[in-house]
Amino acid sequence: MTAAPSPRCYRITELTTEQLRARLPEALQIYVTAMNYPPATAQQRAPMWSAHMLRAGWRCIGAFSDRDELIGIGYGYLGAPGQWWHEQVRRGLLSSGGDADSWLDDYFELTELHVHPGSQGGGLGEEILRRLLSGAQGGKVLLSTPEGPTRAWKLYRRVGFADVLRNYRFTGDPRPFAVLGRPLPLEAV
Ligand SMILES: CC(C)(COP(=O)(O)OP(=O)(O)OC[C@H]1O[C@@H](n2cnc3c(N)ncnc32)[C@H](O)[C@@H]1OP(=O)(O)O)[C@@H](O)C(=O)NCCC(=O)NCCS
């Protein structure tokens, strides 16, 4: 059994593909724990996270405890035609009369942002988000998140994300999602 992560964050740093690969089981563990997914989801997602690392504009930020445990992770990359998420959002925007061409041009897709539950509620998610976006390519950032009042929603609204699509159903997931976006860069606060 692994020890419970310390809630105190020791360092937040950009991770290279090699560094994330070396910590991938830990990162996926945070993901399934934070999202409350079944443990088997971690292994299923590993090939996808590895493929994402090879995409143009990929950038990743990790947060570590004073015991060098990974306690938070965020990454994204430049969205492009042909990518599953891009095509799903395009379909949603077209069917709802949204401006697919302008939203889906020159954007950074914020793909994952997760903080271990033991370290949530202290501003760490926002710090990872800001660090990630401060070096992100693209004229805007887009993300999708399950609908509902969640801490993620509060965070995204606080940093100025606006509705792009609401109550959207991605193929293969029964939950309604929101797609949110905002221009880059984030203004300094
Ligand atoms: C979404 C998520 C990444 C946000 O990270 P977080 O560290 O919990 O949240 P934030 O950085 O937004 O911090 C917010 C809280 O910290 C508090 N806070 C902010 N700065 C602080 C500081 N310096 N000291 C103490 N508390 C602080 C805020 O008051 C806020 O509290 P509240 O949410 O209870 O009102 C995290 O909650 C998570 O992993 N959730 C589950 C997975 C998920 O939904 N991911 C997003 C999928 S799209």
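Rules used in this analysis
Residues numbered from 1 in each chain as written. Predicted model: local features only at pLDDT ≥ 70, side-chain atom pairs only at ≥ 80, totals over all residues. Heavy atoms only, no water. UniProt positions renumbered as here; feature names shortened; annotations may be inferred. Helix = DSSP H or I, 4+ residues; strand = E, 2+ residues; numbered from the N terminus. Near = heavy atom within 4 Å. Polar contact = N/O pair within 3.5 Å; in protein donor to acceptor, adjacent residues only side chain to side chain. Areas by Shrake-Rupley, 256 points an atom, 1.4 Å probe, with all protein chains shown as cover. Buried < 20%, exposed > 50% of the residue type's maximum accessible area, 1.4 Å probe, protein only. Contact = heavy atoms within 4.5 Å. Phe/Tyr/Trp six-rings, centres within 6.5 Å; stacked < 30°, edge-to-face > 60°. Lys NZ or Arg CZ within 6 Å of the ring centre and 35° of its normal. 1 Å grid on protein atoms, 1.4 Å probe; cavity = no way out; pocket = protein on both sides within 12 Å on 5 of 7 lines; lining within 4 Å. Points joined across faces, edges and corners; volume = space filled by probe spheres on them. Nonpolar A, V, L, I, M, F, W, Y, C, P; charged D, E, K, R; others polar. Pairing = 2+ DSSP bridges. Axes fitted to C-alpha atoms, helices over the stretch in contact; angles between N-to-C directions.

## Focus: the UniProt feature "domain: N-acetyltransferase" (unreviewed entry) in the protein
Right, on to step 1. In the numbering adopted here, UniProt assigns the feature "domain: N-acetyltransferase" (unreviewed entry) to residues 10–185.
Right, on to step 2. As annotated, residues 10–185 comprises 38% helix and 30% strand, and the C-alpha atoms at either end are separated by 26 Å.

## So, the site of the ligand
Right, on to step 1. The environment of the ligand is formed by 20 residues, the closest being Gly125, Glu126, Arg151, Lys154 and Arg158.
Right, on to step 2. Contact distances for the ligand include 2.9 Å between an oxygen atom and a backbone N or O atom of Gly121.
Right, on to step 3. Take Leu124: an N or O atom from its main chain is 3.4 Å from an oxygen atom of the ligand.
Right, on to step 4. For the ligand, the accessible surface in isolation is 960 Å², of which the surrounding protein chains cover 69%.

## Section: the side chain of Glu126
Right, on to step 1. Relative to the helices and strands, Glu126 is located in helix H6 (residues 124–134).
Right, on to step 2. When its relative accessible area of 19% is taken as the criterion, Glu126 is described as buried.
Right, on to step 3. Setting aside residues up to four positions removed in sequence, Glu126 forms contacts with Leu155, Arg158 and Val159.

## Quick look at the packing of aromatic side chains
Right, on to step 1. All told, the structure shown has 9 aromatic pairs when counted by the stated rule.
Right, on to step 2. Over the ring of Phe64 we find Arg11; its NZ or CZ atom is 4.2 Å from the centre of that ring.

## Details of the layout of surface pockets
Right, on to step 1. Its boundaries defined by the atoms lining it, the largest pocket holds a volume of some 1,300 Å³.
Right, on to step 2. Lining of the largest pocket is provided by 45 residues; of these, Met35, Glu112, His114, Ser144 and Pro146 occupy positions nearest its centre.
Right, on to step 3. At the level of elements, helix H2 (24–35), helix H3 (40–52), helix H4 (84–95), strand S4 (107–115), H6, strand S5 (140–146) and helix H7 (151–158) are the ones that each hand at least two residues to the lining of the largest pocket.
Right, on to step 4. Sort the elements by how many residues they give to the lining of the largest pocket and S4 lands first, with 7 residues.
Right, on to step 5. Its residues assigned to classes, the lining of the largest pocket comprises 19 nonpolar, 16 polar and 10 charged.

## Some details on the sheet that holds strand S7 (residues 177–183)
Right, on to step 1. Taken together, the 7 strands give an open sheet; going across it, the order is S1-S2-S3-S4-S5-S7-S6, and neighbouring strands pair in mixed fashion. One side of each edge strand has no neighbouring strand; the edge strands of this open sheet are strand S1 (9–15) and strand S6 (162–168). Recorded for the sheet is a direction-independent mean angle of 20° between the axes of neighbouring strands.
Right, on to step 2. Pairing of strand S3 (residues 70–78) with S4, which is carried by 7 bridges, proceeds in the antiparallel orientation. Bridge pairing links Gly76 to Leu110 in S4.
Right, on to step 3. The sheet contacts of H3 involve S3 and S4, and relative to S3 the element is tilted by about 55°.

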